[in-house]
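Structure at a glance
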Amino acid sequence: MSRTLNCCCETDGVSQAQGEAKRSDPRLLSQFFFADERMTRVVAEINGLDAELDPQQYLVLLNQLHLSQAHLLAILERIMEECIPTQRHSRDYLVKFPEDLLVDNLGNHMLFAAECLLAGTFLEVEEADGAQLRPQARNLLCSLELVRTVLREQSLSQPGSYPEPVRAVLVQFDRLFAEFELSYVSSLVAVKSPEEIYRQQEIIVLFCETVERALCLGYLTQEMIDGYEPLLMFTIPRLAIISGLLIYPEGPLSLEQSPEQMSRVFSPFYNLLKKIRDLLRVLSEEELCLLERSLCTAESEEPCGPAAPPAWGAAVPRADSPAPWSLLEVSRATPLPPSCMVWRGPPSAVDDLGTHRQWGPQPPGNSPGLDATPGAHCSELRSRYNSTKDMLHTLFVCISGVADQLQTNFASDLRSILKTVFKIVASQAEPSGEPGASRTRCLPEWVPDSTCSQCSACRSPFTLLRRRHHCRSCGKIFCARCSPHTAALPHYGQPKPVRVCMHCYATHLSPTPRRARSR
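Okay, so let's go over this structure. As the structure is a prediction and not an experimental result, all values here were calculated from the model. (Residues numbered from 1 in each chain as written. Predicted model: local features only at pLDDT ≥ 70, side-chain atom pairs only at ≥ 80, totals over all residues. Heavy atoms only, no water.)

**Considerations on the pairing of strand S5 (residues 485-489)**
Alignment of S5 against strand S6 (residues 494-500), held across four bridges, turns out to be antiparallel. Note on S6: the bridge partner recorded for His-485 is Val-500. Counting the residues between successive antiparallel strands, the hairpin from S5 to S6 contains four residues, one of them, Gly-493, with a positive phi of roughly 75°. (Pairing = 2+ DSSP bridges. Helix = DSSP H or I, 4+ residues; strand = E, 2+ residues; numbered from the N terminus.)

Here it is in structure tokens:
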């Protein structure tokens, strides 16, 4: 009897050692097997639990299920990238989605929605949409079960290879997943049409040209761009309105087209933009420069007066409120310029921003849309205001009002546009011929958001208020309290200060990168 027990103990010890060896196996199929095993165990615990008797434990298990499912999907995604990289279904449709939906755990939400549809659980979809989505949800979940079965069997037999049957199953699942994702999201939100996507790309081009012009004129600096200065979220759209109406009038802000032909971002302001354009055309070069500089700053440029421009996002001031242009105070009796100082020359001729810009008196008949002579029209527009200060103040309020409304009404579109603009206009790391350049190391691999539910340092769970932050030095995820420092990482090709955790800041960084923040 004792020998039998000893043999059993030895067998259990060997099995346990083999299990530990498999868990440490870096191959993806081995990782998938144990991730699938964990999710199956959580599902079994949920099925054996009475939610009414122990609701707290049910919520704990439900959270574990979501985490284990997200981990399983992350490994499955890596397997498909390794196994069928050229046979993946196109994800070009993601550009149609609002920016808010493009999160790391979108796939987990899709599977949860498919399970709810198949179970008849209430979802915020119309009944007709639900009837069309349920067959797709059923096919997707059946395909996922087939993938789990095939990959488990392959991980136990040959975890280092992907035979043709495994590839075929993965290709089918990838296609069904993409089709359900597009159909489900389209039933909930309005996805962009190809025309809207093209118009958004036109706005991106306009914003990039605006930034390049602002850099040439000294309104912005490259350091502001590279540092993602928050003020630029307001400055760039404001300057883009002037550029789109005055400098590049044939672009996305062209008022020669109807409001229906414009991007839905700017079409609600069509009539107001026409009035802004007409008033911009009567400005001199100095007045336009002063207006643009005022739109670039959050504080008044008037050094000796209490007046200040409207704060960012503030309510539109009354007509009698003070404005920041007192140094250009001009009474109605002051002689007006002899003629309007408007853009001269076709916009298409402006290739090198800041070098071909010419301002001067506009000859009669060369300014489209003006009924009278340019000088008479200019005088008539200026006569509506008590002074130059009032005219510039009106332009400031109108332009900033339109630009700031974009932040409210089209926040997702504007965030997507500006994200692309920053990627384009940011400084690119140039290869250096210095001896130290060869010591630049590869960036650390970032821990995926979906695989980390708590801070790597204090173990506090992440919530809507306690957000995830990656340390640029080690790639792990921390809360804001555990990653409060910034430092330059020249060995990773990061000359600008970036977020790092307290451990890396105190242990791995030399005093020189630490001092980069104060500089």
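That covers the picture; the talk isn't over yet.
**Section: the nonpolar core**
By size, the foremost hydrophobic cluster in this structure holds 57 residues, and its most contacted members are Phe-207, Phe-266, Leu-273, Leu-280, Leu-291 and Ile-399. Looking at this core, the elements that each hand over two or more residues are helix H7 (194-217), helix H9 (232-247), helix H10 (270-280), helix H11 (285-296), helix H12 (374-382), helix H13 (388-409) and helix H14 (411-425). Sequence-distant contacts of Ile-399, defined by excluding residues within four places in its chain, comprise Arg-238, Ile-241, Ile-242, Ile-276, Leu-280, Leu-291 and Leu-295. By size, the runner-up hydrophobic cluster in this structure holds 45 residues, among which are Met-39, Leu-76, Ala-113 and Ala-178. (Core = buried A, V, L, I, M, F, W, Y, C linked by side-chain atoms within 4.5 Å. Buried < 20%, exposed > 50% of the residue type's maximum accessible area, 1.4 Å probe, protein only. Contact = heavy atoms within 4.5 Å.)

**Points about the side chain of His-470**
Tracing the backbone shows His-470 in strand S3 (residues 469-470). Taking relative accessible area as the criterion, His-470 reaches 8% and is therefore assigned buried. Engagement of the side chain of His-470 in a polar contact is seen with the backbone oxygen of Val-447, the distance being 2.6 Å. His-470 has contacts with Trp-446, Val-447, Asp-449, Gly-475, Lys-476, Ile-477 and Arg-499, leaving out every residue within four places of it along the chain. (Polar contact = N/O pair within 3.5 Å; in protein donor to acceptor, adjacent residues only side chain to side chain.)

**Some details on empty space enclosed by the protein**
Summed over the entire model, instances satisfying the criterion amount to three cavities of 30 Å³ or more. Estimates place the volume of the largest cavity at around 70 Å³. Taken together, Lys-192, Glu-196, Arg-199, Gln-200, Ser-263, Arg-264, Val-265, Asp-413 and Ile-417 make up the full set of residues lining the largest cavity. Looking at which element gives the most residues to the lining of the largest cavity, the answer is H7, with three residues. Class assignment for the residues of the lining of the largest cavity results in two nonpolar, two polar and five charged. (1 Å grid on protein atoms, 1.4 Å probe; cavity = no way out; pocket = protein on both sides within 12 Å on 5 of 7 lines; lining within 4 Å. Points joined across faces, edges and corners; volume = space filled by probe spheres on them. Nonpolar A, V, L, I, M, F, W, Y, C, P; charged D, E, K, R; others polar.)

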